[in-house]
Structures are given as structure tokens and as C-alpha cells.
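Tertiary structure, described
Spelled out from the first residue to the last, the chains are:
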Amino acid sequence: MRAVKEEILREIAASEGRTRAVISDVEDGLMQDFAELRTELKRSLKELADKEAAASDPLGKGKRKLPGTS
């Protein structure tokens, strides 16, 4: 009976280890996706702001810089 209990505990521990590995992989993937989306959003917002600035200054005389851009 003791051997059966030990085997069950080993299986539980192995299962927990596999579960943690899967969770870690999912978290890593989500963090990478989030970073990519954040980068895309920054580029899109800058493009939108540039278009709005160009539309408000059709002759290009003012060429204002947006906050946070160089």
C-alpha cells in the first residue's frame, strides 16, 4: 500500500511540474504578444498623429513635433 501511495505522489508531482511548464510557456507567449501589440500601437498612434498634423497644416509650414518624438 505504501508503494502505491508513493507512486501516486510521484505522479501528482510530475503532473504539477508539467502544469507549471505549460503555464510558464503560455505566460511567455502572452508577454511577447503584448510587447508586439504595444509596439504596433505606438507606431499606429504616431502615424495617426502625423496625419492629423499634416491635415491641419496642409502647406507644411508649421512642422510641429509631437510630444515624445524626436
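These notes cover the structure that comes with them. (Residues numbered from 1 in each chain as written. Predicted model: local features only at pLDDT ≥ 70, side-chain atom pairs only at ≥ 80, totals over all residues. Heavy atoms only, no water.)

Moving on: the overall build of the chain. Tallying secondary structure elements over the chain gives 1 helix and 0 strands in all. Taken over 70 residues, the chain has a buried fraction of 1%. When the accessible surface of the chain is totalled, it reaches about 6600 Å², and 61% of it is carbon and sulfur. (Helix = DSSP H or I, 4+ residues; strand = E, 2+ residues; numbered from the N terminus. Buried < 20%, exposed > 50% of the residue type's maximum accessible area, 1.4 Å probe, protein only. Areas by Shrake-Rupley, 256 points an atom, 1.4 Å probe, with all protein chains shown as cover.)

This part is about the pattern of salt bridges. Using the criterion set out here, one finds 3 salt bridges in the structure. Across the pair Asp 50 and Lys 46 runs a salt bridge whose closest N-O atoms are separated by 2.9 Å. You can see Asp 50 and its partner Lys 46 sitting in helix 1 (residues 2–56), 4 residues apart, about one turn around the helix. Classification of Asp 50 as partly exposed rests on a relative accessible area of 33%. (Salt bridge = Lys/Arg side-chain N within 4 Å of Asp/Glu carboxyl O.)

Our focus in this paragraph is a nonpolar patch on the surface. A cluster of nonpolar residues, Met 1, Val 4, Ile 8, Leu 9 and Ile 12, forms a patch on the protein surface that exposes about 540 Å² of accessible area. With respect to the secondary-structure elements, Ile 12 resides in helix 1. Given the relative accessible area of 42%, Ile 12 is considered partly exposed. (Patch = residues over 30% accessible without salt bridge, like charges linked within 9 Å, V, L, I, M, F, W, Y side chains within 5 Å.)

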